[in-house]
Amino acid sequence: MKGNNRYNLIAITLHWVMAFAFFAMLGSGVAMVNFEIDPSFKFKLYQWHKSLGVLLLLTFFIRIGWRLFHKPPALPSTLKSFDIRAAKLGHIALYTLMIAMPITGWIMVSTSVYGLPTIVFGWFEWPHIDAIAGNDTIHELSEEAHKILGWVFMAMIAAHIGAVVKHYIFEKINLLPRIGIGRTK
Ligand code: HEM
Ligand code: HEM
């Protein structure tokens, strides 16, 4: 049935826009913390990372809201039941990370002793969580969580892409048209 086995246009657009944004977030995060960069550029990179991160936090709610009210297309009947369960669990983990990353980032900047404001792309100020301002313990925990979850997120994305490649190579199942890449049969 042509056209019936792909996600709808809104889901596909959100998937790809957010996928590229998350790649940029992971890349900028690792660069900010680990690379030697010029201090003025570093400051700009932090502002950019926090700005895009806040927009991703807001977009998450649109995405999850849309997902809850729109059923995904039925999976190919040739997929093994183990793989179906693994995909469901993997997708839940990805959604959890998509919300946990910006929340831990927000907690981290809210508790920082520097108290630097987050001006989202010079457009509006994103508030800090005042109730936890200056709390060192929460700061350290959120910093550690943001770092560890960042690596877990990278591993989950690698597994997600790896699964698409594995189904294509070993089972000749092409999942990409479901998410808008190429034609459905
Ligand atoms: C090159 C990168 C990527 C490729 C090739 C890719 C591919 C796909 C494909 C083919 C599906 C449909 C799965 C199905 O058959 O139902 C899918 C769904 C999904 N992708 Fe990706 N993806 C990529 C990056 C990402 C990233 C970075 C994230 C996380 C931020 C992500 C999160 C998801 C989620 C949560 C779903 C499940 C949608 C749902 O049913 O709720 N993807 N992806
Ligand atoms: C939306 C998804 C986000 C992703 C995927 C992400 C990813 C990362 C990664 C991978 C790092 C490097 C961690 C390390 O190696 O220590 C990092 C650092 C950082 N992130 Fe995020 N981040 C996100 C959102 C946010 C948000 C919303 C904020 C704040 C509003 C934020 C603030 C920071 C700060 C301040 C650092 C530097 C931490 C340090 O200097 O130790 N992030 N981020």
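Everything in this summary refers to the structure shown in the same document. Position numbers for residues start from 1 in each chain and track the written sequence from start to end. In the order they appear in the text, chains get letters beginning with A and ligands get numbers beginning with 1. Where local features are concerned, this predicted model is filtered to residues with pLDDT of at least 70; where side-chain atom pairs are given and counted, the filter is 80 or more; whole-chain, interface and lining totals use all residues. Calculation of side-chain values draws on the structure's entire complement of heavy atoms; hydrogens and water are dropped beforehand.

**Some thoughts on the coordination of the iron atom of ligand 1**
Here's step 1: Protein coordination of the iron atom of ligand 1 is provided by H15 (NE2) and H160 (NE2), with donor distances spanning 2.0 Å.
Here's step 2: Only N, O and S atoms count as donors, using a 2.8 Å limit from the metal and a wider 3.2 Å limit for Na, K and Ca, and since water is excluded some coordination spheres may look unfilled. Working rule for geometry: tetrahedral if four donors all subtend angles between 85 and 135 degrees; square planar for four, octahedral for six, if opposite donors exceed 155 degrees and the others stay between 65 and 115; irregular in every other situation. Bound by six donor atoms, the iron atom of ligand 1 shows angles of 88 to 180 degrees at the metal and therefore octahedral coordination geometry. In this pair, H15 is assigned in helix 1 (residues 9-34) and H160 in helix 4 (residues 136-171), connecting sequence segments 145 residues apart. Strands are runs of DSSP state E lasting at least 2 residues, helices are runs of H or I lasting at least 4, and numbering of each runs from the N terminus.

**Quick notes on helix 2 (residues 39-69)**
Here's step 1: Expected helix span is taken as 1.5 Å per residue step, with the number of steps being one fewer than the number of residues. Spanning 31 residues, helix 2 covers 45 Å between terminal C-alpha atoms, matching the ideal 45 Å at 1.5 Å per step.
Here's step 2: Residue contacts are defined here by distance: any two heavy atoms, one from each residue, within 4.5 Å place the two residues in contact. In this structure, the buried residues of helix 2 make contact with helix 1, helix 3 (81-111), strand 1 (118-120), strand 2 (124-126) and helix 4.

**Some details on the site of ligand 2**
Here's step 1: In these notes, residues near a molecule or strand are those with any non-hydrogen atom within 4 Å of it. As a structural note, the neighbourhood of ligand 2 is formed by 22 residues, with G29, Y46, H49, E143 and H146 the closest of them.
Here's step 2: Polar contacts here mean pairs of N or O atoms no more than 3.5 Å apart (in protein, one a potential hydrogen donor and the other a potential acceptor; neighbouring residues in sequence count only if both atoms are side-chain atoms). A distance of 2.9 Å separates an oxygen atom of ligand 2 from a polar atom in the side chain of E143.
Here's step 3: A distance of 2.8 Å is found between a nitrogen atom of ligand 2 and a side-chain nitrogen or oxygen belonging to H146.
Here's step 4: When residues of the shell around ligand 2 are traced back to their parent elements, those giving at least two are helix 1, helix 2, helix 3 and helix 4.
Here's step 5: Looking at the shell around ligand 2, the element that brings in the most residues is helix 1, giving seven residues.
Here's step 6: Gly is placed with the polar residues, together with every amino acid not listed as nonpolar (Ala, Val, Leu, Ile, Met, Phe, Trp, Tyr, Cys and Pro) or charged (Asp, Glu, Lys and Arg). Grouping the amino acids of the shell around ligand 2 by side-chain chemistry returns 14 nonpolar, five polar and three charged.

**Some words on the environment of R6**
Here's step 1: Its location among the elements puts R6 in the segment before helix 1.
Here's step 2: Exposure remark for R6: the relative accessible area of 27% places this residue in the partly exposed category.
Here's step 3: In this structure, the C-alpha to C-alpha distance between R6 and P73, residues 67 residues apart in sequence, is 5.7 Å.
Here's step 4: For R6, the residues in contact, after removing those within four places along its chain, are I12, P73, P177, R178, G180, G182, R183 and T184.
Here's step 5: Among the polar contacts made by the side chain of R6, one reaches the main-chain carbonyl oxygen of G182 at a distance of 3.0 Å. Each residue is placed in one exposure class: buried if its accessible area under a 1.4 Å probe, protein chains only, is under 20% of its type's maximum, exposed if it is over 50%, and partly exposed if it falls in between.

**Some details on helix 4**
Here's step 1: Compared with an ideal rise of 1.5 Å per residue, which puts 36 residues at 52 Å, helix 4 spans 51 Å between its outermost C-alpha atoms and is within 8% of the ideal.
Here's step 2: All of the buried residues in helix 4 are H139, S142, H146, G150, F153, I157 and H167.
Here's step 3: Residues of helix 4 that are buried make contact with helix 1, helix 2 and helix 3.
Here's step 4: Capping the start of helix 4 is the job of one residue whose side-chain oxygen sits 3.1 Å from the backbone nitrogen of T137: N135.
Here's step 5: Of the residues one or two after helix 4, K172 is the one with positive phi, at around 55 degrees.

Interpretation note: all reported values are geometric properties and have no functional meaning in isolation.
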